[in-house]
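Structure assessment
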Amino acid sequence: MDEVDSAIVRELSANARQTNRDLARAVGIAPSTCLERVRLLRDRGVITGYHAEISLAALNRHVQAFLHVQVRPMSREIIENLKAYVIDLPEVLSVFVVAGGDDLLVHVGVPSVDALHSFLMDKFSQRREIVGFRSSIIYQHTRNRVLDEI
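Residues numbered from 1 in each chain as written. Predicted model: local features only at pLDDT ≥ 70, side-chain atom pairs only at ≥ 80, totals over all residues. Heavy atoms only, no water.

Further remarks concern the overall build of the protein. Along the protein, the regular secondary structure elements total five helices and four strands. On C-alpha atoms alone, the protein measures out to a radius of gyration of 20 Å, which is more than a quarter above the 15 Å that the 2.2 N^0.38 rule sets for 150 residues. Over its C-alpha atoms, taken along the principal directions, the protein stretches across nearly 60 × 35 × 25 Å. Within the protein, the fraction of its 150 residues that count as buried is 31%. Excluding contacts between residues fewer than 6 apart, the proportion of contacts in the protein whose partners are at least 24 apart in sequence is 64%. Here the protein displays about 10000 Å² of accessible surface, and carbon together with sulfur accounts for 52% of that area. Treating the 18 positive side-chain charges of the protein as one cloud and the 19 negative ones as another, the clouds have centres 2 Å apart. (Helix = DSSP H or I, 4+ residues; strand = E, 2+ residues; numbered from the N terminus. Rg over C-alpha atoms; globule rule 2.2 N^0.38 Å. Buried < 20%, exposed > 50% of the residue type's maximum accessible area, 1.4 Å probe, protein only. Contact = heavy atoms within 4.5 Å. Areas by Shrake-Rupley, 256 points an atom, 1.4 Å probe, with all protein chains shown as cover. Lys, Arg positive; Asp, Glu negative; His and termini not counted. Charge placed at Lys NZ, Arg CZ, Asp CG, Glu CD.)

Here we take up the packing of aromatic side chains. Inspection of every chain in the model, using the stated rule, returns two aromatic pairs. Relative to F124, the ring of F119 lies with its centre 5.3 Å away and its plane at 45 degrees, an arrangement referred to as tilted. Of the residues examined, F124 reaches a relative accessible area of 1% and is grouped as buried. Considering the side-chain rings of F124 and F133, the 5.9 Å spacing of their centres and the 85 degrees angle between planes classify their relative orientation as edge-to-face. (Phe/Tyr/Trp six-rings, centres within 6.5 Å; stacked < 30°, edge-to-face > 60°.)

Another point: the pairing of strand β3 (residues 104-110). Burial of β3 is extensive: six of the seven residues sit out of reach of the surface. Across seven bridges, the pairing between strand β1 (residues 63-71) and β3 is antiparallel. Paired with H68 across the two strands is L105, which belongs to β3. Of the pairings in the sheet, the one linking strand β2 (residues 92-97) to β3 comprises five bridges and is antiparallel in character. The residue bridging S94 from the neighbouring strand is H107, located in β3. Between β2 and β3, which pair antiparallel and follow one another directly, the connecting turn spans six residues, one of which, G100, has a positive phi of 115 degrees. (Pairing = 2+ DSSP bridges.)

Written out as structure tokens, the structure reads:
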């Protein structure tokens, strides 16, 4: 990626809804060049999609938590099957397979702490491959919306 590609990625990260003309003006290139650069960034897999930012509170998900999950016996098949099960649960926002003391890190959004407790008891404690889990309530969340190449 050159400086122009990096500028395009930065601009789209900040505002993916801007027009090609506005994007081209912001990075200092012709609209036709910009359109081709964006197409090439998509083709190379740098740009993988455009997303709407959704308010979790508006969807009655006032409580977020990370679930630290330990799995046994450890095998690729068990991890893949559990990951497929977990990601299909409506409360789950994302699933990470991690190294260390935990095997999965699951980000959930639920209406309340009581709903989190019910979720854990009804959806996690019954799974034989889950030998342990703990939850960490998220008080605040900030993320870097604009990423630069390292």
